[in-house]
Amino acid sequence: MSSAAKNQSWYKRNEIAVTPWLFLLPGILFFAIYVIIPIFQSFWISFHQWDGLGEKTWVGLGNYERLIGFGEYDKPDRKFTVSFWNNVTWLILYLLAIPLGLFIALLLNQKVMGIRLYKSLFFFPFVLSQVVVGLVFSWFYLPKEGLLNAILTTFGMEPVNILGDPSTATYGIIAAGLWPQTAYCMILYLTGLNAVDPEQIEAGRLDGAKGGRMLWHVVLPQLKPATFIAFVVTIIGALRSFDFIAVMTNGGPFGSTRVLSFFMFEESLSEFGFRMGYGAAIAVVLFFIMLFFIAYFLWSMYQDERGKR
């Protein structure tokens, strides 16, 4: 090392390596304070009985035993069971946003007159607040004044009370959630389609591929990054589907539309709640469900990348 280099400060000698971390440091601190630390706090609180103000009482796994019906509890908490299976329903049906978004993206990825207007109209639901979307669909489902029943009666069918019937309320809320989620997936796929290699498309045409074969063997493999993001965001959206339920049914009728995120809110912060330990236990269960799906997709992407090397 030259004498000039020795006389430089430590920062000057390591400037290229250190400077990026200095820019990242504020974001890392915020992420640690508002995400990482609260996650560990939730784990700790889930082992206690606590009203949010007084002293914490250690109960160990008692909150989890109450959830799943173990130990001194004969059966699982009915609210937890309903919430869990509603989340499963959300997961299955919410994934319809991915093929629907792909289908719309393929339609809009054409060079026709007015295509920018059509893209804007399909993009519009995504920029709306979920609360606004929930209110709009609540009005759409109204038993007497709603547009849905006006259409049904026009065609001679009986009116239906979508949000007032426990057997249909969850599906009505999921339909409302699919509207903006499909728009989001459409945006992801439109971006991905712009990056599709035209040379591979041409090579596929020369090999006789067209229609479904072209889509399956040439286009979709190049859309894997967009599909990965769509799956992760859609699954997380399905598992934390709180806004729509709070606005449209508030968990009703008779608690039939509860999901884990709403159940957690009820137990922790609602008027008859303030069972912070029990709510934290629900949050931990929801966290591990999300973590399972995200880890699975990350592992799948990692294996796919390894296969390309």
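Fair warning: this is a prediction, and the values are worked out from it, not measured in the lab. (Residues numbered from 1 in each chain as written. Predicted model: local features only at pLDDT ≥ 70, side-chain atom pairs only at ≥ 80, totals over all residues. Heavy atoms only, no water.)

K.L.:
Whenever I open this one, the overall build of the protein chain confuses me. Can you help?
P.N.:
Counting secondary structure elements, the protein chain contains 16 helices and two strands. Taking 19 Å as the expected radius of gyration for a compact globule of 309 residues, we find that the protein chain reaches 25 Å, considerably beyond that expectation. Its C-alpha atoms give the protein chain principal-axis dimensions of roughly 75 × 60 × 35 Å. Every one of the 309 residues in the protein chain was classed for burial, and the buried ones make up 37%. Long-range pairs, those at least 24 residues apart, make up 64% of the contacts in the protein chain between residues at least 6 apart in sequence. Split by element, the accessible area of the protein chain, about 19,400 Å² in all, is 68% carbon and sulfur. (Helix = DSSP H or I, 4+ residues; strand = E, 2+ residues; numbered from the N terminus. Rg over C-alpha atoms; globule rule 2.2 N^0.38 Å. Buried < 20%, exposed > 50% of the residue type's maximum accessible area, 1.4 Å probe, protein only. Contact = heavy atoms within 4.5 Å. Areas by Shrake-Rupley, 256 points an atom, 1.4 Å probe, with all protein chains shown as cover.)

K.L.:
Just checking my understanding: could you explain the packing of helix α5 (residues 78–94) against helix α10 (residues 169–194) for this structure?
P.N.:
Two elements in contact, α5 and α10, have axes whose closest approach is 10 Å; the angle formed by their N-to-C orientations is 40°. The angle between the axes of α5 and α10 places the two elements in the oblique class. For the pair α5 and α10, the sense of crossing is right-handed. Contacts between α5 and α10 involve Asn-86, Thr-89, Trp-90, Leu-93 and Tyr-94 from the former and Thr-170, Tyr-171, Ile-173, Ile-174, Gly-177, Leu-178 and Gln-181 from the latter. Here the residues of the contact of α5 with α10 sort into seven nonpolar, five polar and no charged. (Axes fitted to C-alpha atoms, helices over the stretch in contact; angles between N-to-C directions. Parallel < 35°, antiparallel > 145°, perpendicular 65-115°, else oblique. Left-handed = near helix turned anticlockwise from the far one by under 90°. Nonpolar A, V, L, I, M, F, W, Y, C, P; charged D, E, K, R; others polar.)

K.L.:
For this particular structure, what's the right way to read helix α12 (residues 212–222)?
P.N.:
Spacing of three or four residues puts side chains on the same side of an α-helix, whose turn is 3.6 residues. Three or more residues of α12 are buried, namely Met-214, Val-218 and Val-219. Across the axial projection of α12, the buried residues extend over an arc of 80°, all falling on one side. For α12, the exposed residues set more than 90 degrees away from the buried face come down to Gly-212, Arg-213, Trp-216 and His-217. Those residues of α12 that are buried are in contact with α10 and α11 (198–206). (Arc of directions from axis to C-beta.)

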